[in-house]
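# An overview of the molecular structure
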Amino acid sequence: MKPFRSFVPPLAAMLLAASGGAAAQGVLIDKSEIRFVSKQMGASVEGRFRRWKANVDFRPGDPAKSKANFEIELASIDLASEASEVETRRAVWFDTAKFPVATFASTAVRSTGADRYEVAGTLTIKGCGEGHRRTCRATQGRLGKRRRRGPVHAEATRVQNRRRRLGGHRRHRQ
Amino acid sequence: MASVRPIIPTDVAYTRTAIALHWLAVALIVIGFTIGLWMVDLPIAPQTIRIYAYHKWIGVTVFLIALARLAWRLAHPVPSFTGLPEWQRRASSASHFLLYLLMLVIPISGWLYSSATGVQVVYLGVIVLPKLVAKNDALAAVLRSVHYTLNFTLLALVLVHAGAALRHHYVERDRVLSRMLPAMPARNEESAR
C-alpha cells in the first residue's frame, strides 16, 4: 500500500469564466478552482490549491488560437489536515522551498464537440516536465441553472508516469 | 435460542446473541476510542493513514452492531428484572437509550467529519460510503469538536453504565450484571425462582 504515491494532482479542475462571444476571455480567479483527488487505501481524498495564477486566452470560436498558462503555488495546497499539507511541502514531495511553483503551459487546444475542448500542454513540477505532455478536457458547461452563460470547466489529467514527474517522491516516509 | 428458554427463564438471562453482541460492541468501542485518541497525534505517514482507516472501519462496525442489537431487541424483549427501585429503572432506561443513540450518532458524526475534510470512507477497504458533505474546513472543525464531545459523553455514560453494573454485582449482590455475562446456565440454576 503506497497511499502517497498519487499526491500530485491527477486531476485539476479549472473553472474559467466565459462571457460569451468570440473575443478572448480571461479567468475569474475567485470563481475558479484547481482541485485534485488522490487515493489513500482506496479512499479518495479531495484537495485543491488556494493560490494560483492563470493567463488564459480562451477563444471558443477559434480554439486553435486559445492558450492557457497556469502557475500554481504548491505551498498553498489544501488537504484533509494541516499536518498533511505541511508534509507535502517537504523535500520528498513538492519541495516547495526549492520549487515553489508548478506550471502548466498549453501547447495545443482543440474542440472535441459542443462545449468541450482538449488541451495538451506541459505540466512542470519540481523543475521537471519538459517534453512531457498533459491532456486536458475543457467543457463550457452549465454548473448552475441560473447562470445564463456557463463557465468553462476543465480537467487536466496526468498522462505521464508519476514517478518520473515527482523525482524523489518514492522515498516517502516509512 | 428457543430451545434455551425452558431452561433459562426469560426474566433472568439475556439471549446468547444479545450477550455476544453486547461484549463485541464493548471491545470495539474501547479499541476504537483508544485508537481515536492515539492516532490524532501521530505524524503523517502511510501507517497513520492506515490507522485512521481502521478507526473508521471500527466505527462503522459499531454502528452496524448497534442496529443489529436494536433489531434483536425488538424480537427478543429484554429480560425483566423485578425488585429495582423506580428511579433505578428510569435511570437504566434513560442510559440505555442514550448509549444506543450514541452508538448510532458517533459513527455518523465521524463519517460527516471525514467527509468535510474531503476524505472518503471505504468500509473494510471495499464498500465505498458516499460523501455526506462537501469538503469544508470550517464545517470540519465544528464536526471534529462534535465527534470529540460525543465520544467523551459516551465515555461518561459507559462509566456510569459499568459502575452501576458493578455496584449491582458487588454491593447489591443481585443478578443485574450476571444476566449479561456468558456462562449463564450454572448461575441460572442457583437463581431459579
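Bringing the environment of G127 of chain A into the picture now. Residues and elements named next belong to chain A. Tracing the backbone shows G127 in the loop between β8 (116-124) and β9 (134-140). For G127, a relative accessible area of 60% puts it in the exposed group. Here the alpha-carbon distance between G127 and T103, two residues 24 residues apart in the chain, equals 9.3 Å.

Another point: the interface of chain A and chain B. Taken together, the contacts link 22 residues of chain A with 17 residues of chain B. Between chain A and chain B, a total of about 1600 Å² is buried, with carbon and sulfur atoms accounting for 61% of that surface. Joining chain A to chain B, the criterion identifies three salt bridges. With its nearest N and O atoms 3.6 Å apart, the salt bridge here joins R50 of chain A to D137 of chain B. Scanning the region where chain A abuts chain B turns up six residue pairs in polar contact (both at pLDDT 80 or more). Sorting the residues of the side of chain A that touches chain B by element identifies β3 (43-49) and α1 (82-89) of chain A as the ones contributing at least two each.

The share of residues in chain A with pLDDT of 70 or more is 59%, and the mean pLDDT across the chain is 67. Within chain A, strand β6 (residues 77-78) of chain A carries the highest mean pLDDT (94), whereas strand β1 (residues 11-16) of chain A carries the lowest (36).

All names here are of chain A. Position of T112 among the secondary structure elements: in the loop between β7 (101-111) and β8. Among the residues examined, T112 registers a relative accessible area of 36% and is labelled partly exposed. Residues T112 and S76, 36 residues apart in the sequence, show an inter-C-alpha distance of 32 Å. When neighbours within four sequence positions are excluded, T112 is seen to be in contact with Y117 and E118.

Tracing the backbone shows T96 of chain A in the loop between α1 and β7. The contacts of T96 of chain A, once residues within four sequence positions are left out, are L74, A75 and R89 of chain A.

For the rest of this paragraph, the subject is a nonpolar patch on the surface. Residues and elements named next belong to chain B. On the surface, L37, Y148, F152, L155 and L159 cluster together into a nonpolar patch covering about 470 Å² of accessible area. Take the nonpolar patch: its biggest share by element is four residues, from helix α4 (residues 137-172). Inspection of the secondary structure puts L37 in helix α1 (residues 16-39).

Our next topic: the packing of α1 of chain B against α4 of chain B. Residue and element names in this part refer to chain B. Viewed as axis vectors pointing N to C, α1 and α4 meet at an angle of 140 degrees, and their least axial separation amounts to 12 Å. The angle between α1 and α4 places the two elements in the oblique class. Between α1 and α4 the crossing geometry is left-handed. Seen from α1, the contacting residues are H22, I29, F33 and L37; seen from α4, they are N151, F152, L154, L155 and H161.

Before going further, it helps to examine α1 of chain B. For α1 of chain B, built from 24 residues, the straight-helix expectation of 34 Å at 1.5 Å per residue is met to within 8% by its first-to-last C-alpha distance of 34 Å. The complete set of buried residues in α1 of chain B reads A18, I19, L21, H22, A25, L28, I29, G32, F33, I35, G36 and M39 of chain B.

So, on to the pattern of salt bridges. Applying the stated criterion to the full structure yields 15 salt bridges over all chains. With a closest N to O distance of 3.5 Å, R35 of chain A and E33 of chain A form a salt bridge. Residue classification places E33 of chain A among the partly exposed positions, given a relative accessible area of 27%. With its nearest N and O atoms 2.8 Å apart, the salt bridge here joins D78 of chain A to R48 of chain A. In this pair, D78 of chain A is assigned in strand β6 and R48 of chain A in strand β3, connecting sequence segments 30 residues apart. The class of D78 of chain A is buried, set by a relative accessible area of 2%. Under the relative-accessibility criterion, R48 of chain A is labelled partly exposed at 27%. Linked by salt bridges that have partners in common, R48, R50, D78 and E85 of chain A together with K135 and D137 of chain B make up one network.

With that settled, the discussion passes to the confidence of the model for chain B. All names here are of chain B. On average, residues of chain B score 89 in pLDDT, and 89% of them reach the 70 mark or higher. Per-element mean pLDDT across chain B ranges from 47 in helix α5 (residues 184-191) up to 97 in α1. Taken as a whole, residues 3-10 scores under 50 in pLDDT and shows eleven contacts with residues more than four places along the chain or in a different chain. Across residues 186-193, confidence stays below pLDDT 50; counting only partners more than four residues off in sequence or on other chains, it has 15 contacts. Taken together, the chains of this predicted complex give a pTM of 0.74 and an interface ipTM of 0.75.

Cut-off values and rules
- Residues numbered from 1 in each chain as written.
- Chains lettered and ligands numbered in written order.
- Predicted model: local features only at pLDDT ≥ 70, side-chain atom pairs only at ≥ 80, totals over all residues.
- Heavy atoms only, no water.
- Helix = DSSP H or I, 4+ residues; strand = E, 2+ residues; numbered from the N terminus.
- Buried < 20%, exposed > 50% of the residue type's maximum accessible area, 1.4 Å probe, protein only.
- Contact = heavy atoms within 4.5 Å.
- Buried area = accessible area lost by both parts, 1.4 Å probe.
- Salt bridge = Lys/Arg side-chain N within 4 Å of Asp/Glu carboxyl O.
- Polar contact = N/O pair within 3.5 Å; in protein donor to acceptor, adjacent residues only side chain to side chain.
- pLDDT = per-residue confidence, 0-100.
- Patch = residues over 30% accessible without salt bridge, like charges linked within 9 Å, V, L, I, M, F, W, Y side chains within 5 Å.
- Areas by Shrake-Rupley, 256 points an atom, 1.4 Å probe, with all protein chains shown as cover.
- Axes fitted to C-alpha atoms, helices over the stretch in contact; angles between N-to-C directions.
- Parallel < 35°, antiparallel > 145°, perpendicular 65-115°, else oblique.
- Left-handed = near helix turned anticlockwise from the far one by under 90°.
- Expected span 1.5 Å × (residues − 1).

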